[in-house]
Amino acid sequence: MSRSSPTTSLPNCNCTLLLVSDTSSSSSSYHHLAIPICLYNSTMRIPKRPVSFCVSLFSLGLAPSYSSRIKFNSEFQGKPNRFVSKTRGIHTGGINQLHVSYTMDESYKTVLGDKTSEVQHMGGSDGVQEPCIWSSPEGGRKIEIGKQIFCNRSLNMRNILAVGFDMDYTFAQYKPETFESLAYECTIRKLVYDLGYPQELIGWSFDWKYMVRGLVLDKKRGNILKMDRHKYVKVAYHGFREMSKEEKVSTYGSTLIRDSFDEPDYALIDTLFSLAEAYLFAQLVDFKDNNPGKIPERADYSRMYKDVRAAVDLCHRDGTLKQMVAKDPKRYINEDASIVPMLKMLRDSSRSTFLVTNSLWDYTNVVMNFLCGSRVLVGVLDGSGTCNFDWLKYFDVVITGSAKPGFFHEDNRANLFEVEPESGMLLNTDNGTPMPQVGNSSPRIVLKESNAPCRVFQGGSVGHLHKLLSIESSSQVLYVGDHIYGDILRSKKVLGWRTMLVVPELEREVELLWGLRDLRKQLRLMRNERDQIEDQIHHLKWFLKFEDVNADQKQKISDAIEKLESQRDQVRISHQQAQRECHQKFHKIWGQLMKTGYQNSRFAHQVERFACLYTSQVSNLSLYSPDKYYRPSEDFMPHEFDILPL
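Fair warning: this is a prediction, and the values are worked out from it, not measured in the lab. (Residues numbered from 1 in each chain as written. Predicted model: local features only at pLDDT ≥ 70, side-chain atom pairs only at ≥ 80, totals over all residues. Heavy atoms only, no water.)

1. Remarks on the sheet that holds strand 14 (residues 233-238)
Logical step 1: Pairing is antiparallel in the open sheet, where five strands are placed in the order 15-14-13-12-16. A single partner strand is all that each edge strand has here, and the edge strands are strand 15 (241-242) and strand 16 (266-269).
Logical step 2: When strand 14 meets strand 15, the two strands line up antiparallel, connected through two bridges. Directly across from Tyr237, in strand 15, lies its bridge partner Glu242. (Pairing = 2+ DSSP bridges. Helix = DSSP H or I, 4+ residues; strand = E, 2+ residues; numbered from the N terminus.)

What follows is the structure, given as structure tokens:
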């Protein structure tokens, strides 16, 4: 190898690249290896911020000159707990390329091997492999259908200056088999010991798979409904008893004015937090019907629902649920190793990030520590464990106790308090500006340095948030949440924020849809066949009614009609059975989340109206460019559906 004179610079780095040419090849072309001079010389200057860069090695005469494994040990690594800048590759032409990302951070070491083309990430102390995100060398690949982000309205991420997140069921995906069961058991105890319900309720059990989002509870009648986007009730249960078609029509389909199916007579199951209370309500309806006199006389169906809600609120107010989660977060919350890389990538793309949650600071700190820091947090809230505040470096502003959806109203006059992370003490502020405390003439100043933790607040309103983030236009904000009404509708309809809805159930749903695509085509063909047979029957009956035919012709037509009617019934039964089996593959009771029969469900209609984007996990953002232009698929009206092939 000979040293050549040309040099170039490394993007986002003060280092100069030395271009080393390989002349050992018989080819007349030169092959170059770009090496930062800071590595080539005997000493290496450590930058203030960790940097990421890529080194490309080629097999043409280079590999033998290196040892079998080249290691960048910790002595070359930058300071801990800093943001890692966005990885950029340095590429030259060649074959058998080994593409390696080197990250100068104390938590990771990168090892280059001469016998593999894969990056070997030597994880932190827990040995967890670094996830593959868009900005990594392995990123930019085809995304699994269950991890994709789906677009209802065009959204150019280049126009987004701040990305905000809810916490519960957005960052923190709770495990229904443990968390919802805990909420159910706590609610039962409150009903029995605080609200006077029978002791035998203590022995009840919870089926966490039974209820789904998008259902509507009829408080007065004790019914659970699933309806389509036009608010026609398609599936209905009284408690756990399925209602007949005649019952559904007489109860919900015979009025001249369509019911709105909204509060106060109805309750919407639009968040995963509500599944346990919906199941308990159905149990109480059955119990009241089968055991007259055991439920207090004052408790009709509507009152029972109020009592369930009151019991749920008691569980949240006395801290029972949060204490249990804080003692063992891993038991109740799913881990997601892509959250931190996603936040780093967003911040490296020069966007602000913020967190707005209804949870208070102590619980928020426990959950975010678990998700963004240590995976072992035991006994934090009871004083036997410890939390740190390292996760705050991934945000510019954190607002706890926000009282959404009221937080999103610009005329909200709620006071904004600053939270001291160490003590949890609330400090008065003037719209976020520190105020002097009594007995102290000067306010407590919080200097916001580039590497300082973000400020934490409680309460306030969206006006305070816009000021803290220096947001000039609401359309510059993307907010990610899980609650149609608490997170998405208000932020979209009232403020004009861009929105992304997290629907964890979506991952399984779209994967099933993909697997059942051939069956769904057959169902469509069976429906078309049924329509064609019915049209033939109608035509023959019309001919009999209005045409002058002799007795022999009349008999032949009648026989043909009878044969067609028998054929129609067979097709109808086969079609209904196949359709039922298809829906039961999604859920045995309620079917597909986003469909009710052939129509979009009410839940799907709300997603379409209020969410610009929707996806199964918040960390799916890490699989896409932070500057991506999301574009919706083409809308089809019924007259276009069969003309334009999909």
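Structure shown, so let's carry the discussion forward.
2. A short note on the pairing of strand 22 (residues 455-459)
Logical step 1: Most of strand 22 is tucked away, with four of its five residues classed as buried.
Logical step 2: In this sheet, strand 22 lies alongside strand 18 (residues 397-400) in parallel orientation, the contact comprising four bridges. Pairing of Ile399 across the sheet is with Phe457, part of strand 22.
Logical step 3: The pairing of strand 19 (residues 416-419) with strand 22 spans three bridges and is antiparallel. Across the sheet, Phe417 pairs through a bridge with Gln458, a residue of strand 22. (Buried < 20%, exposed > 50% of the residue type's maximum accessible area, 1.4 Å probe, protein only.)

3. A word on helix 12 (residues 506-515)
Logical step 1: Within helix 12, burial applies to Leu506, Glu507, Glu509 and Val510. Seen along its axis, helix 12 keeps its buried residues to an arc of 165 degrees; they face one direction.
Logical step 2: Each element contacted by the buried residues of helix 12 is listed here: strand 9 (150-151), helix 14 (551-586) and strand 27 (613-615). (Arc of directions from axis to C-beta. Contact = heavy atoms within 4.5 Å.)

4. Digging into the packing of helix 2 (residues 176-193) against helix 6 (residues 320-327)
Between two packed helices, both the angle of their axes relative to each other and the distance between the axes serve to describe the pair.
Logical step 1: Axis separation between helix 2 and helix 6 bottoms out at 10 Å; the angle between their running directions is 145 degrees. The chirality of how helix 2 crosses helix 6 is right-handed. In this structure, helix 2 uses Phe179, Leu182, Ala183, Cys186 and Lys190 to contact helix 6, whose residues at the interface are Thr320, Leu321, Met324 and Val325.
Logical step 2: Partitioned by chemical class, the residues of the contact of helix 2 with helix 6 number seven nonpolar, one polar and one charged. (Axes fitted to C-alpha atoms, helices over the stretch in contact; angles between N-to-C directions. Left-handed = near helix turned anticlockwise from the far one by under 90°. Nonpolar A, V, L, I, M, F, W, Y, C, P; charged D, E, K, R; others polar.)

5. Some details on the sheet that holds strand 18
Logical step 1: Strand order in the open sheet formed by 11 strands is 9-27-24-23-11-17-18-22-19-20-21, and the pairing between neighbours is mixed. Either end of the sheet is taken by a strand with one partner, and the two such strands are strand 9 and strand 21 (433-434).
Logical step 2: Here helix 8 (residues 339-348) sits on the sheet in contact with strand 11 (162-165) and strand 17 (352-356), set at roughly 155 degrees to strand 11.

6. Digging into empty space enclosed by the protein
Logical step 1: Following the criterion strictly, the structure yields six cavities of 30 Å³ or more and no others.
Logical step 2: Here the largest cavity is characterised by a volume of approximately 60 Å³.
Logical step 3: Around the largest cavity, the lining residues are Gly214, Leu215, Val216, Leu268, Ile269, Asp270, Arg602, Phe603 and Gln606.
Logical step 4: Every element with two or more residues in the lining of the largest cavity is listed here: strand 12 (215-218), strand 16 and helix 15 (602-610).
Logical step 5: No other element matches the three residues that helix 15 contributes to the lining of the largest cavity.
Logical step 6: Of the residues belonging to the lining of the largest cavity, the class tally is five nonpolar, two polar and two charged. (1 Å grid on protein atoms, 1.4 Å probe; cavity = no way out; pocket = protein on both sides within 12 Å on 5 of 7 lines; lining within 4 Å. Points joined across faces, edges and corners; volume = space filled by probe spheres on them.)

7. Concerning the environment of Gln199
Logical step 1: By the secondary structure assignment, Gln199 is in the loop between helix 2 and strand 12.
Logical step 2: Aside from chain neighbours lying at most four places away, what touches Gln199 is Val192 and Tyr193.
Logical step 3: Side chain to side chain, Gln199 and Tyr193 meet in a polar contact 3.4 Å long. (Polar contact = N/O pair within 3.5 Å; in protein donor to acceptor, adjacent residues only side chain to side chain.)

8. With respect to the confidence of the model for the chain
Keep in mind that low pLDDT regions are not for reading the predicted coordinates in detail.
Logical step 1: On average, residues of the chain carry a pLDDT of 78, and 72% of them reach 70 or more.
Logical step 2: Every residue in residues 1-128 scores below 50 in pLDDT, and together they form 224 contacts with partners more than four places removed in sequence or on other chains.
Logical step 3: Per-residue pLDDT stays below 50 along residues 375-384; that stretch engages in 33 contacts with residues further than four places along the chain or on separate chains. (pLDDT = per-residue confidence, 0-100.)

9. Observations regarding the side chain of Ser136
Logical step 1: Within the element layout of this structure, Ser136 appears in the loop between strand 8 (120-122) and strand 9.
Logical step 2: Here the side chain of Ser136 touches Ile133 through a polar contact of 2.7 Å, landing on its backbone oxygen.

10. Topic: the nonpolar core
As a rule of thumb, soluble globular proteins bury nonpolar side chains together.
Logical step 1: In terms of nonpolar packing, the biggest core is built from 90 residues, with Phe165, Phe171, Met211, Leu371, Trp391 and Phe395 touching the most fellow members.
Logical step 2: It is helix 4 (residues 275-290) that contributes the most residues to this core, 10 residues altogether.
Logical step 3: Not counting chain neighbours up to four residues away, the residues in contact with Leu371 comprise Phe171, Ala172, Ile333, Asn334, Asp336 and Ile339. (Core = buried A, V, L, I, M, F, W, Y, C linked by side-chain atoms within 4.5 Å.)

11. Notes on the state of the cysteines
Logical step 1: Taken as a whole, this structure holds one disulfide when the rule is applied.
Logical step 2: One disulfide bridge connects Cys186 with Cys315, the sulfur atoms lying 2.3 Å from each other. As the torsion about the S-S bond is roughly -115 degrees, the Cys186-Cys315 disulfide counts as left-handed. Of this pair, Cys186 sits in helix 2 while Cys315 sits in helix 5 (residues 301-317), and the two are 129 residues apart along the sequence.
Logical step 3: Given the relative accessible area of 2%, Cys186 is considered buried.
Logical step 4: Judged by relative accessible area, Cys315 falls into the buried class, the value being 2%.
Logical step 5: Considering cysteine sulfurs only, Cys612 is the nearest to Cys151, which forms no disulfide, with 7.7 Å between them. (Disulfide = S-S within 2.5 Å.)

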